[in-house]
Every structure is written in structure tokens, then in C-alpha cells.
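Residue-level structural notes
Chain residues, written in single-letter form:
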Amino acid sequence: MSALGLIFSNIHDSSVPELTSKRTVASIPFGGRYRLIDFALSNMVNSDVNKVGVITKSNYRSLMDHVGSGKDWDLARHYGGLFILPPFDNQGASLYTTRLEALTNVIGFLSQSTEDYVIMSDSDMVCNIDFRPIIKNHVKNNADLTLVYVKKKRKESGGKMNTFFTLDGDRIVDATFDSKEEDVNLYTNICIIGRNLLINLIEEALSHGSSHFVKDVLIPHIKTLRIYGHRHIGYYEEMTSLQKYYTESMKFLDRETREEVFRKASVYTKVKDSIPTHYGDNCIAKNSLIADGCEIEGEVYDSIIFRGVKVEKGAVIRNCILMQNTIIGENATLNCIITDKNTIIREKRNLSGCETHPFFIGKGSVI
């Protein structure tokens, strides 16, 4: 049983516009050292998927810089490996706007592949999942599609276009975009499908002028195809807004949350050789994730600090996410702030958001 992976890098860019104005959602930094795509890529590699296509659309320069040849995920190979799939359709006329249009653009890649199955995944989520038992059950059930879902409270599913399943045993018998139930089966946009079947469904949808994968492909075929659900048990969260990104990032300050995500399998990322972080004689750093290459002279509490950040003397950082190469001047005070890369906060500035509404400072800003 062989499978190839397809990762959608731009589908959810509009969910976090503050962080995707100059990058894809797949490139959003997370947890002090990762990008969101690291979780999807690592899930593939840890499941023995050695051929992965990343479907791009726009603002993907930083994504290409991050994944490179795929070496850090053991995907720099003569056969298979990592493929960056360009954003233009077959005629080169326009960019895709939906998942189905994105699949139409890569039908050549699918046709030239020889793997039996395709694992499709978005890149806006943080989870650690092994696809091998899912593929095994997919074959055992003689399934046409296996869709991965999680059980959630309805109020916790914050995406703009959620899909909810009704199951009879493991068989999916209905799907809807809205639900009045308190407990719901939320589709993760991770699915396993036979490669030839996927090509046939894409071509059929294309001939009918369809544009939406779930609404125009999955739902009409629920009664005619064998569609099964697989429940993922464990940590799973989508970055559906800046607030959700902040909340889930802060959860990673808790050891139990980190262990829940990382104990199943490794999550790989691009490795950079940085010097160790320098901690000044009088600095304070408590309950924080601090990457390599930083200079901490001030005080840092309950925060996530990316590589190359400098916190000067007298500065106090609380409940913040400071991305790469942020500089915090002397005697500045920050609380509930998210800074994008290369931000400078000058001395004696006092900036504060709140836990339910963090304040965001864009890339390269000087305050």
C-alpha cells in the first residue's frame, strides 16, 4: 500500500489576515521554532509517506525558503520527495479560489504518480497523527474515502466553513455545514482516497462546472460511495483567527499540552545553526519558550520568544509572542502583544492588549 501526500498551503489564508498578508498560512510561525506546515509534513513523513506535493497559490516565497528541498523532513530524494506545485491552472489563466480548483490544477501531478492512495491535508492545524492505521482500516473497510474528524463542542469550532458529519457506526451517512447539536463531529479536512478515484471525481466535477470539493463532490456521493470516518483522539486545533492563534500558542507553555502533541512522534522543522541564547546577569525568564540566538537582558514572563529576539535591560515582557528578530528597547513594557518578524519597539514604550484581544504589530514595524 503506497500513498502520496497533498498539502494545501493557502486555503485558509483569509482566516488569519494579520499573519498572512506576506506569507501563506502554512508559513505562520508557531511555538517558538516551528511553522504550521511542519505539523502536516511531519505527519506525512512519520507515516512513511515519501512523496508530498505542496499546493501553493500566493505569498509562498517564505514557504519555499522554509521547506527548501525537503532535506529536514528526509524528503530530498531521487524518487518521490517534496514537490512545490505551482498555483496556476492548466491553461495558466487564473489562480484557484477553491479546494476543487486547486486539485484541478494538480491533476497532471496526480496522473503522473503511481501511488495507490492520496492523503490530503490542510496546513492550518496543529496535530500529530499517524496515517498508517487509518490507511489500514481504509483498505479493510473497502472504503472509497476515509475522512478524519474530531469530536468538539459546537461553540469550539470556529472556522468559517466547517463541515459536520453524522455517522452510523464508522460510516458517514450525512454531512452539513451547520449543526445545532452541542457535540459535533468536525471534519479536519484530512482525508484518504484512492488516487484513481480522486482523478475521476475531479474530472467529473470539472465537466459539471463544480467548484466546491465538499459541497459538490463529497456530499452528492455520500449515498453512492463508501465513505467512512476516522476519529482522531488527541490534540487538534485549527488556527481560525488571530485570537485562536494566540490562545493555542499560549497553551504550549503548559508541559502537558506539549507532551500531548510531541510524545507520539517527532515534529520536524528547518534546522538553523544559531548561537545559544544569552541571558544577562540580572535578567528574569519564567514559564516561557525561548529559542536560540536571543539576547535576554530584561524580564520575560509567560511568553513565546522566537529566534534572534533581543530584550534589552529594564524591559518587561508578559504574555507575549515575539517573532524572529524582534527588538525590545530598554524599559519598554509589553503585555499580550504579538509582534511579527523584524519589529522594533523603542525604549520606554508601554503597549498592552488583553488575553481575549491581543494587540498585533505587523512585520518590520517600528514603534
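Residues numbered from 1 in each chain as written. Predicted model: local features only at pLDDT ≥ 70, side-chain atom pairs only at ≥ 80, totals over all residues. Heavy atoms only, no water.

1. Thoughts on the layout of surface pockets
Basically, it comes down to this: A cavity, in this analysis, means grid points on a 1 Å lattice covering only the protein atoms where a 1.4 Å probe fits yet has no way out; a pocket is instead an open set bounded by protein on both sides within 12 Å along at least five of seven lines, and a residue lines either one if it has an atom within 4 Å of a point. Grid points are joined across faces, edges and corners, and a volume is the space filled by probe spheres set on the points. Helix and strand labels come from DSSP, where a helix needs a run of H or I of at least four residues and a strand needs a run of E of at least two; each type is numbered from the N terminus. When residues are grouped by polarity, Ala, Val, Leu, Ile, Met, Phe, Trp, Tyr, Cys and Pro land in nonpolar, Asp, Glu, Lys and Arg in charged, and all others, Gly among them, in polar.
Its volume calculated, the largest pocket comes out at about 640 Å³. Taken together, 30 residues form the lining of the largest pocket, with Gly32, Arg33, Tyr34, Phe306 and Arg307 sitting closest to its centre. Elements represented by at least two residues in the lining of the largest pocket include exactly strand S2 (29-30), strand S3 (34-35), helix H3 (61-67), helix H10 (255-262) and strand S16 (289-290). Counting residues per element, the lining of the largest pocket draws most heavily on H3, at four residues. Here the lining of the largest pocket is built from residues that sort into 12 nonpolar, seven polar and 11 charged. Counted as a void, the second largest pocket has a volume near 530 Å³.

2. As for a negative patch on the surface
The condition that has to hold: Residues form patches when they are more than 30% accessible in relative terms and have no salt bridge. Like charges link within 9 Å. Nonpolar side chains (Val, Leu, Ile, Met, Phe, Trp, Tyr) link within 5 Å. Reported accessibility uses the Shrake-Rupley method at a 1.4 Å probe radius. Residues are deemed covered only where the shown protein chains occlude them. Salt bridge, as used here, is a side-chain nitrogen of Lys or Arg placed within 4 Å of a carboxyl oxygen of Asp or Glu. Asp and Glu are treated as the negative residues and Lys and Arg as the positive ones, with His and the ends of the chain left uncounted. Positions of charges follow a simple convention, taking NZ of Lys, CZ of Arg, CG of Asp or CD of Glu.
Taken together, the side chains of Asp254, Glu256, Glu259 and Glu260 make up a negatively charged region of the molecular surface. Relative to the assigned elements, Asp254 resides in the loop between helix H9 (242-251) and H10.

3. Concerning unusual backbone geometry
Note the cut-off: Categorising residues by exposure relies on relative accessible area from a 1.4 Å probe, with only protein chains included: less than 20% of the type maximum marks a residue as buried, more than 50% marks it as exposed, and the intermediate range marks it as partly exposed.
In this structure, Asp302 takes a positive phi of about 50° despite not being glycine. Among the secondary structure elements, Asp302 is positioned in the loop between strand S18 (299-301) and strand S19 (304-305). A residue is classified by how much of its surface remains accessible, and Asp302, at 30% relative accessible area, is partly exposed. Positioned with a positive phi, Cys336 is a non-glycine residue whose angle comes to about 55°. Mapping Cys336 onto the fold places it in the loop between strand S24 (333-335) and strand S25 (337-339). The exposure class assigned to Cys336 is buried, which follows from its relative accessible area of 2%.

4. What to know about H9
Residue pairs three or four apart in sequence face the same way in an α-helix, which turns once every 3.6 residues. Buried residues dominate H9, accounting for seven of its 10 residues. By the burial criterion, the buried members of H9 are Leu242, Lys244, Tyr245, Tyr246, Glu248, Ser249 and Met250.

5. What about the packing of aromatic side chains?
So the rule is basically this: Between rings of Phe, Tyr and Trp, where Trp is taken as its six-membered ring, a pair exists when centres lie within 6.5 Å; planes separated by under 30 degrees are stacked, by over 60 edge-to-face, and by other angles tilted.
Applying the stated criterion to the full structure yields nine aromatic pairs. Measuring from ring centre to ring centre gives 5.4 Å for Phe83 and Phe109, while their planes differ by 55°; the resulting arrangement is tilted. Taken as a pair, Phe83 in strand S5 (residues 81-85) and Phe109 in helix H5 (residues 107-112) lie far apart in primary sequence, 26 residues in all. Overall, the relative accessible area of 29% leaves Phe83 in the partly exposed class. Seen from their ring centres, Phe252 and Phe262 are 6.1 Å apart, and the 80° between their planes marks the pair as edge-to-face. Taken as a pair, Phe252 in the loop between H9 and H10 and Phe262 in helix H10 lie far apart in primary sequence, 10 residues in all. Taking the relative accessible area as the measure of exposure, Phe252 reaches 2% and is therefore buried.

6. As for the environment of His221
Heads up, the rule is: Contacts: residue pairs with any heavy atoms within 4.5 Å of one another. The definition of a polar contact used here is a pair of N or O atoms within 3.5 Å, where within protein one atom must be able to donate a hydrogen and the other to accept one, and adjacent residues in sequence count solely through side-chain atom pairs.
When you line up the elements, His221 lands in the loop between helix H8 (213-218) and strand S12 (227-231). For the pair His221 and Leu201, spaced 20 residues apart in sequence, the C-alpha to C-alpha distance is 9.8 Å. Every residue in contact with His221, bar those within four places of it in the chain, is listed here: Leu201, Glu204 and Ile227. A polar atom in the side chain of His221 sits 2.7 Å from the backbone oxygen of Val217.

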